[in-house]
Amino acid sequence: TLTDESGNTPPGLNGSARPRVLPFGVGERLNYDISWGNFASVGRASFEVRQQGMLGNNRVFEFYGEATSTGVARSVINVNDRISTYALADSLIPIRTDLRLTEGKRQKLVSTAYDPSKRLASLSTGGDVALQPYTFDILSLFYAVRAADLKVGGNYNFFFLDANNRLQAVTIKIAGIETIGGPLGNRDATRLDIYAPSPANSLLAQTWISNDSRKLPLYIAARTRFGELRFSLISDVISK
């Protein structure tokens, strides 16, 4: 049975349901165009599986993500964000996250060390954060959702630390299979509706994941206090 170091089973995954082959591998790079409100192409984002190997006694993936503002958005705010995560290869639980945020005049650099057995995350800036069983970070969550065995009609709860190192929870409802268009053409996709937990139950985002073995997040629409951000997959690069 698939469990973390505390003996907990991850949401949407178990020993029999977990795919034998993950839907991603080393060398995968997903590139997105970002639009906002009535503005098209205000930024770029990418997610990359850089390597797999040993970190101490743990076999891990190194995930890397970045987001930058472009065009008219730079006149509003200059964004240049980077995140690197080392996550356990079997469970995708993070054990180390390095985060660098540059958003206008705001800059933030923090490393987080996770101890799943103690359910604790230690920050390089000082202080600890108590974790729930099976807590991801914002980057490993992206891959954990892809790896999960999600069934139409099912609801799945995920915990993660956000960019401000606050423990958050979301409920992902698997709405159904739809056809969605985009830069890569028309694709059959599974729609995921992402909600804040009870009692708010507000819709936070929707994601369309390709209904195939790759489980590619083709389109993401996220509601923020600044308006809706939309991520469209424009290229899928696999290098060896």
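Everything below is about the structure shown above.
Every value quoted in this text rests on a predicted model; they were computed, and no experiment measured them.

*Asks:* I'd like a description of the pairing of strand S14 (residues 217-224), backed by residues and values.
*Replies:* Of the strand pairs in this sheet, strand S13 (residues 203-210) and S14 are connected by five bridges, and their pairing is antiparallel. The residue bridging Thr207 from the neighbouring strand is Ile220, located in S14. Between S13 and S14, which follow one another and run antiparallel, lie six residues, and Lys215 among them has a positive phi close to 50°. Two elements, S14 and strand S15 (residues 227-238), share six bridges in a ladder whose sense is antiparallel. Among the inter-strand pairings, Tyr219 is bridged to a residue of S15, identified as Ser232. The hairpin turn running from S14 into S15, its antiparallel successor, is two residues long.

*Asks:* Please give an account of the pairing of strand S1 (residues 28-36) that cites residues and values.
*Replies:* In terms of residue burial, S1 counts as a mostly covered element, since seven of its nine residues are buried. Bridging between S1 and S15 involves nine bridges; their strand directions are antiparallel. Looking at S15, one finds that Ser35 is bridged to Arg230. Where S1 meets strand S2 (residues 39-55), seven bridges bridge the pair, whose relative direction is antiparallel.

The rules behind the values
- Residues numbered from 1 in each chain as written.
- Predicted model: local features only at pLDDT ≥ 70, side-chain atom pairs only at ≥ 80, totals over all residues.
- Heavy atoms only, no water.
- Pairing = 2+ DSSP bridges.
- Helix = DSSP H or I, 4+ residues; strand = E, 2+ residues; numbered from the N terminus.
- Buried < 20%, exposed > 50% of the residue type's maximum accessible area, 1.4 Å probe, protein only.

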